[in-house]
Amino acid sequence: MGKTTTSASFATGLAQAGHRTAVVDFDVGLRNLDLIMGVERRVVYDFVNVIHGDASLKQALIKDKRVDGLYILPASQTRDKDALSHEGVGRVLSELAAEFDYVICDSPAGIERGALMAAYFADEAIVVTNPEVSSVRDSDRILGILASKTQRAERGDSPMPGRLLLTRYAPARVIKGEMLSVDDVLEILAIDMLGVIPESLSVLNASNAGLPVILDDDSDAGQAYQDAVARFLGDERPHRFMSVPKKGLLERLLGG
């Protein structure tokens with residue numbers, strides 16, 4: 001569970017809150033966002049087609065059938081990363097910004113062209129990581145790029161706001177020393193925390209069903225994403241799912 005799961009749920013949550021939202025897949029060559037959003041059969045034109053002028057933005061955008069005001073711009077599955085040009089990406093994002101309240105850029109993992117391009121034009125960053133040393137180290141490198149290789153940095157503007165979303169968190173495994181704690185990750189990255197998403201089978205089930213997990217109100221992961229979106233929009237919500245749930249009396253008596 002990672003960046004694309006988060007992009008899908010975050011965009012859905014913003015649209016549910018009444019904000020016109022577009023989510024753009026920057027992972028050229030792989031293209032997973034449309035699968036998680038359940039629109040893969042409706043893809044006719046993609047991000048690269050719009051950049052190259054083969055289709056208009058209106059032709060490529062896919063309107064979500066479940067949530068009003070939510071649109072998906074899929075990536076190309078047949079092109080390589082070099083199909084993303086600075087000029088083309090900047091033009092498409094400017095068009096989107098004129099029409100939408102929020103444009104979520106689904107950045108690929110690692111530090112390659114798609115990720116660098118998404119970071120370059122961003123106004124704000126949600127750093128998605130899981131509590132493993134390699135993932136946190138990659139996120140630390142991304143924070144360095146956000147501080148130095150973005151449009152904001154080139155203009156000499158104030159540093160890009162960045163907040164942490166920690167995914168696949170399992171408190172019981174933290175206690176066993178099998179993964180980093182929330183405090184460990186915050187100490188390494190030194191950024192504000194937006195939310196903690198628990199490790200949950202509901203994420204896989206939702207992805208397989210083409211459903212952003214935030215729409216699963218009964219799941220812990222869905223509720224955690226709802227909390228994170230609410231915090232992003234300025235609400236104060238307590239952080240949940242950071243400790244092992246206490247067993248009830250009957251569970252303790254039965255050793256469950």
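The rules behind the values
- Residues numbered from 1 in each chain as written.
- Predicted model: local features only at pLDDT ≥ 70, side-chain atom pairs only at ≥ 80, totals over all residues.
- Heavy atoms only, no water.
- Helix = DSSP H or I, 4+ residues; strand = E, 2+ residues; numbered from the N terminus.
- Rg over C-alpha atoms; globule rule 2.2 N^0.38 Å.
- Buried < 20%, exposed > 50% of the residue type's maximum accessible area, 1.4 Å probe, protein only.
- Contact = heavy atoms within 4.5 Å.
- Areas by Shrake-Rupley, 256 points an atom, 1.4 Å probe, with all protein chains shown as cover.
- Lys, Arg positive; Asp, Glu negative; His and termini not counted.
- Charge placed at Lys NZ, Arg CZ, Asp CG, Glu CD.
- Axes fitted to C-alpha atoms, helices over the stretch in contact; angles between N-to-C directions.
- Parallel < 35°, antiparallel > 145°, perpendicular 65-115°, else oblique.
- Left-handed = near helix turned anticlockwise from the far one by under 90°.
- Nonpolar A, V, L, I, M, F, W, Y, C, P; charged D, E, K, R; others polar.
- Phe/Tyr/Trp six-rings, centres within 6.5 Å; stacked < 30°, edge-to-face > 60°.
- Salt bridge = Lys/Arg side-chain N within 4 Å of Asp/Glu carboxyl O.
- Core = buried A, V, L, I, M, F, W, Y, C linked by side-chain atoms within 4.5 Å.
- Pairing = 2+ DSSP bridges.

J.: Which residues make up the overall build of the protein chain, and what values do they have?
T.: Counting its secondary structure elements, the protein chain contains 13 helices and seven strands. Relative to the globule expectation of 18 Å for 256 residues, the C-alpha radius of gyration of the protein chain, 19 Å, shows essentially globular dimensions. Within the protein chain, the fraction of its 256 residues that count as buried is 48%. Considering only contacts in the protein chain between residues 6 or more positions apart, those separated by 24 or more positions represent 72%. Taken as a whole, the protein chain presents about 12,800 Å² of accessible surface, with 49% of it coming from carbon and sulfur. Positive and negative side-chain charges of the protein chain, numbering 28 and 37 respectively, have mean locations separated by a distance of 3 Å.

J.: Account for the packing of helix 7 (residues 133-148) against helix 10 (residues 182-189), naming residues and giving values.
T.: Two elements in contact, helix 7 and helix 10, have axes separated by 10 Å at closest approach and are oriented at 30°. Taken together, the axis directions place helix 7 and helix 10 in an arrangement best described as roughly parallel. Helix 10 is crossed by helix 7, and the crossing has right-handed handedness. Here helix 7 contributes V136, S139, D140 and L143 to the contact with helix 10, which in turn contributes V185, I188 and L189. A per-class count over the contact of helix 7 with helix 10 returns five nonpolar, one polar and one charged.

J.: Account for the packing of aromatic side chains, naming residues and giving values.
T.: All chains considered together, the criterion is met by five aromatic pairs. Centre to centre, the rings of F10 and F232 are 5.4 Å apart; their planes meet at 80°, and the pair counts as edge-to-face. Of this pair, F10 sits in helix 1 (residues 3-16) while F232 sits in helix 12 (residues 220-232); the two residues are 222 residues apart in sequence, bridging distant segments of the chain. The buried category is assigned to F10, whose relative accessible area is 2%. The interplanar angle of 65° and the centroid separation of 5.5 Å between the aromatic rings of Y71 and F100 together place this pair among those described as edge-to-face.

J.: Go over the pattern of salt bridges, please, and point to the residues and values.
T.: Within this structure, the stated rule accounts for 11 salt bridges. Put simply, R155 and D157 hold a salt bridge, and the shortest N to O gap is 2.9 Å. The partly exposed category is assigned to D157, whose relative accessible area is 36%. Salt-bridge contacts for E178 lead to R173; the nearest nitrogen and oxygen are separated by 3.2 Å. By relative accessible area, which is 46% here, E178 ends up partly exposed.

J.: Now, about the packing of helix 1 against helix 12: what can you tell me, with residues and values included?
T.: In contact at an axis separation of 9 Å, helix 1 and helix 12 are set at 60° when each is read in the N-to-C sense. The orientation of helix 1 with respect to helix 12, classified from their angle, is oblique. Crossing of helix 1 against helix 12: the hand is right-handed. Facing T5, T6, S9, F10, G13 and L14 of helix 1, the residues of helix 12 in contact are Y225, A228, V229 and F232. Across the contact of helix 1 with helix 12, the residue classes break down as six nonpolar, four polar and no charged.

J.: Describe in detail the nonpolar core, supporting the description with residues and values.
T.: Residues F10, M37, I72 and L165 are the most contacted members of the largest nonpolar core, which totals 30 residues. Here this core gets six residues from one element, more than from any other, and that element is helix 12. With sequence-adjacent residues up to four places away left out, F10 is seen in contact with I126, L194, A228, V229 and F232.

J.: I'd love a proper account of unusual backbone geometry, names of residues and values included.
T.: The phi dihedral of R31 is positive, around 55°, even though this residue is not glycine. Topologically, R31 is positioned in the loop between strand 1 (21-25) and helix 2 (33-36). A residue is classified by how much of its surface remains accessible, and R31, at 14% relative accessible area, is buried. The residue R168 is not glycine, and still its phi comes out positive at about 55°. Inspection of the secondary structure assignment puts R168 in strand 6 (residues 162-169).

J.: Lay out the sheet that holds strand 1 in plain terms, naming residues and giving numbers.
T.: Here we have four strands laid out as an open sheet, ordered 2-3-1-4, and mixed in their pairing. The open sheet terminates on both sides in strands that have one partner only, identified here as strand 2 (62-63) and strand 4 (102-106). Sheet topology note: the strand 1/strand 3 (residues 70-73) ladder contains four bridges and is parallel. When the bridges of strand 3 are listed, V23 appears paired with I72.

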